[in-house]
Each structure stands twice: as structure tokens, then as C-alpha cells.
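Fold and geometry: a report
If you want the building blocks of each chain, they are given just below.
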Amino acid sequence: MSAPSHNPMPPFRAGSRMAGKTVLVFGAGSSGPGWGNGKAAAVLYAREGARVACIDIDRAAAEETAALIAGEGGEALALAADVTRLEAVEGAVEATLARFRRIDVAHNNVGVVVPGGPADLTEESFQRGLDLNLGPVWRSAKVLLPRFLAQGGGVFVNIASIAGIRWTGYPYFAYSAAKAAVVQATKAIALQYAAQNIRANAVLPGLIDTPLVYRQIAGAFGDVEAVIESRNRAVPMGRMGTAYDVAAAALFLASDEARFITGVALPVDGGQSESMRG
């Protein structure tokens, strides 16, 4: 199986767009060698001056991301947490506050494809799809909103998918439904709390070249290279995006440069969602 073909992260360059801020990244690990979306986002936030809490269900993956940040001179905390459990999210938030004293941005990256159309899914798999993809957005909001209100503001960046706004050709009913709900939940948070200086925006990745894609493809297809070529052809730009593309969009929405932007669902897909319009 080939490694991802694109280099998703440019060489290190220190910036200051997030200086003085603390970012909590749920799903900060990578599912295999290379750069996943959460790992890339955590490192990019740190490169721009943020203190970063790297949270993942896999402690070793969280520690790997935190070590990369520390190796570049940044400050990071590695934590293990199962975001399908409210008490685990509360624990991660408390540990982050104990270390960094405040949280300015919550980046919700956790998402898992649960294959199957509506007639194929079991009750258990359907509920699992909702809990893994939508549940973390609710849990982080429930825990962090009181704190954001108390400190006078905060930002949510929720990673959804173009599957939440378009049919992508894959029978991922629970995943698509959950990601659509993430988009609307993001808008609901944004509008309810706009006057309290709390912003919420969503990033909608399209076909992105990450380790998770290769792991999923390896288990379902014999000719991985043919599938990768097919994915590249499906994008109007002629190639899949990288984890850095998703991270860069998240960084902008989290930063003060986007201080007048809230309730947005931003596709990062090389034009794919527009090409699907009927």
C-alpha cells in the first residue's frame, strides 16, 4: 500500500496568529503514519503561537502530536479521552484548564465513517454513527459554553464533511446524516451565542489524502492505486487535498482574522461540492 502522495505540511515557519491563545483539539492523533486532519491542525495552531491540548482516544497518538509540537518549540499537552463519554470530555477540559488556565478555541475533529445505507445499518451501527460524529460537538459545547460565557468569548471549529451537504456516491447514511447535523448544530450555536462573543464555524473537507483513507481503502479494495486515482479524478482540481488544506481553513476560522465570521460551513474540497450541484 502506498503512502500518501502529497506532503500535507509545509516546512516549519513560526507565526503569531494564535499567540496567547489555548486551543483544545479533539481527535489530535493520526490513525497511521503521516498526517491526519487533527494532527495537522494541532501542529499548525502551535506554529502560530497557540498552546495546544492534544486529545485523542489513543494516548500514544496524542503524545506523538504533542511531541512534534514540543520538537518545534511549542507548548502542548497530551491527553487521552473517549469523546463519546461526557465525563471524559469534562476531564479533558479540566486537565487543560489546570495546565493552561483558559481555553480559547475548541476544535472538534473526531469523525468515523460507518458504512451502509439506511436499509443496511443496524440500530447499533446507526446510533454509533451519530454518537461518534455528532456527539462530540454537543459534548464539547455543553462543557465549554459556560466557560466561554464566563470568560467573555470563545470559538468552536467543527470538522464536518461535504457528505453533510451533498451525495458523494458512497452509501454512508449515518455518517452523512451526522455530518449534516454538525453543520446545522454549528449554525445553531453560532446564532444563539453571537451576542456573547462566541463564534462557531464548520469546515467541510472533501476528498483528502490522509492515513485514514488508506486504512479504510486497504480493507475494502484490492487495487488501492486505482481507487486513489479515481478519487483524484473526482476533484475538479484533479487531486485530493491534504490535511494541511483542512488545517489552514480551520486556523483562519479560529483566528481573530475571522472575528466577524460565524455560522459558516466552509467546503475545502477543490470545487467538488460545487461540481455536484444539479
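Data block above holds the structure.
What counts as what
- Sequence order sets the numbering: in each chain, residues are counted from 1 along the sequence as written.
- Only residues with pLDDT of 70 or above have their local features reported here, since the model is predicted, and side-chain atom pairs are shown and tallied only from 80 upward, although totals for entire chains, interfaces and linings are computed over all residues.
- Only heavy atoms go into the side-chain values, all of them from the structure, while hydrogens and water stay out.
- Runs of E in the DSSP output that reach at least two residues are strands. Runs of H or I that reach at least four are helices, and both are numbered from the N terminus.
- Between the two quantities, the radius of gyration covers C-alpha atoms and the globule rule is 2.2 Å times the number of residues to the power 0.38.
- Relative accessibility under 20% of the residue-type maximum defines a buried residue, over 50% an exposed one, and the middle range a partly exposed one, all with a 1.4 Å probe and only protein chains included.
- The contact criterion used throughout is that any non-hydrogen atoms of two residues lie within 4.5 Å.
- This count recognises Lys and Arg as positive and Asp and Glu as negative, with His and chain-terminal groups excluded.
- In plain terms, the charge of a residue is placed at NZ if it is Lys, CZ if Arg, CG if Asp and CD if Glu.
- Here an angle of 0 to 180 degrees is reported between the N-to-C directions of two axes, which are lines fitted to C-alpha atoms, with helices fitted over the stretch in contact.
- By the definition adopted for this analysis, an angle is roughly parallel if under 35 degrees, roughly antiparallel if over 145, roughly perpendicular if from 65 to 115, and oblique otherwise.
- Crossing handedness is defined as follows: a turn of the near helix away from the far one that is anticlockwise and smaller than a right angle gives a left-handed crossing, while the clockwise case is right-handed.
- Ten residue types, Ala, Val, Leu, Ile, Met, Phe, Trp, Tyr, Cys and Pro, are classed as nonpolar, four, Asp, Glu, Lys and Arg, as charged, and the remainder, Gly among them, as polar.
- Residues are called lining when one of their atoms sits within 4 Å of a cavity or pocket point, these points coming from a 1 Å grid over the protein atoms alone, where a cavity is a set in which a 1.4 Å probe fits but cannot get out and a pocket is an open set with protein on both sides within 12 Å along at least five of seven lines.
- Grid points are joined across faces, edges and corners, and a volume is the space filled by probe spheres set on the points.
- Whether two strands pair comes down to DSSP finding at least two bridges between them.
- By this rule the span expected of a helix is its residue count minus one, scaled by 1.5 Å.
- Remark: nonpolar core denotes a set of buried residues (Ala, Val, Leu, Ile, Met, Phe, Trp, Tyr, Cys) joined through side-chain atoms within 4.5 Å.

**With respect to the overall build of the chain**
The helix and strand inventory of the chain stands at 10 helices and 9 strands. The C-alpha radius of gyration computed for the chain amounts to 18 Å, which stays within 12% of the reference 19 Å derived for 278 residues, consistent with globular compactness. Overall, the C-alpha framework of the chain stretches about 50 × 40 × 35 Å when taken along its three principal axes. Taking all 278 residues of the chain together, the buried fraction comes to 51%. A sequence separation of at least 24 residues applies to 75% of the contacts in the chain between residues at least 6 apart. Each charge class in the chain can be summarised by its mean position, and for the 25 positive and 25 negative side chains these summaries are 7 Å apart.

**A short note on the environment of Phe 12**
Checked against the element boundaries, Phe 12 lands in the segment before strand E1 (22-26). Take Phe 12: its relative accessible area is 42%, and that puts it in the partly exposed class.

**Topic: the packing of helix H1 (residues 37-47) against helix H9 (residues 243-254)**
In helix packing, the relevant descriptors are the interaxial angle and the interaxial distance, both defined with respect to the helix axes. Close contact between H1 and H9 brings their axes to 8 Å; oriented N to C, the two are set at 50°. By the criterion of interaxial angle, the relationship of H1 to H9 is oblique. H1 and H9 meet at a crossing whose hand is right-handed. On H9, the residues that touch Asn 37, Ala 40, Ala 41, Leu 44 and Tyr 45 of H1 are Ala 243, Tyr 244, Val 246, Ala 247, Ala 248, Ala 250, Leu 251 and Ala 254. Grouping the constituent residues of the contact of H1 with H9 by class yields 12 nonpolar, 1 polar and no charged.

**Section: the layout of surface pockets**
What the second largest pocket holds in volume is close to 220 Å³. Around the second largest pocket, the lining is made up of 15 residues, and of these Lys 21, Gly 154, Val 155, Asn 197 and Asp 256 lie nearest the centre. Considering only residue class, the lining of the second largest pocket consists of 3 nonpolar, 6 polar and 6 charged.

**Quick notes on the sheet that holds strand E4 (residues 105-108)**
Taken in spatial order, the 7 strands make up an open sheet running E3-E2-E1-E4-E5-E6-E9, and their pairing is parallel. Each end of this open sheet is capped by a strand with a single partner; those strands are strand E3 (76-80) and strand E9 (265-268). On average, each strand axis in the sheet is tilted by 15° relative to the strand beside it, whichever way the strands run. As paired strands, strand E2 (residues 51-56) and E3 are joined by 5 bridges and run parallel to one another. Its bridge partner lying in E3, Val 52 is registered against Ala 76.

**Overview of helix H3 (residues 86-100)**
Taking 1.5 Å per residue as the helical rise, H3 with its 15 residues ought to reach 21 Å, and the 21 Å between its terminal C-alpha atoms agrees with that figure. Along H3, the residues classified as buried are Ala 88, Val 89, Ala 92, Val 93, Thr 96, Leu 97 and Phe 100. Just beyond H3, the residue with positive phi is Arg 101, at close to 75°.

**Quick notes on the packing of H3 against helix H5 (residues 135-151)**
Packing of H3 against H5 brings their axes to within 9 Å, and their N-to-C directions diverge by 40°. Viewed along their axes, H3 and H5 adopt a mutual orientation that is oblique. Along this stretch, H3 crosses H5, giving a crossing that reads as right-handed. Every residue of H5 that contacts H3 at Leu 86, Val 89, Glu 90, Val 93, Glu 94 and Leu 97 is listed here: Arg 139, Ser 140, Lys 142, Val 143, Leu 144 and Arg 147. Residues belonging to the contact of H3 with H5 are distributed by class as follows: 6 nonpolar, 1 polar and 5 charged.

**Here's the deal with the nonpolar core**
Membership of the largest hydrophobic core comes to 36 residues, with the highest contact counts inside it found for Met 18, Tyr 45, Val 52, Cys 54, Ile 69, Val 157 and Val 203. When residues of this core are traced back to their parent elements, those giving at least two are E1, H1, E2, helix H2 (59-71), E3, strand E5 (154-159) and H9. By residue number, the principal contributor to this core is H9, which donates 8 residues. Each residue touching Cys 54, except ones within four places of it in the same chain, is listed here: Val 25, Ala 28, Ala 42, Ala 62, Thr 65, Ala 66, Ile 69, Ala 76, Leu 77, Ala 78 and Leu 79.

Just distances and angles here, no functional claims.
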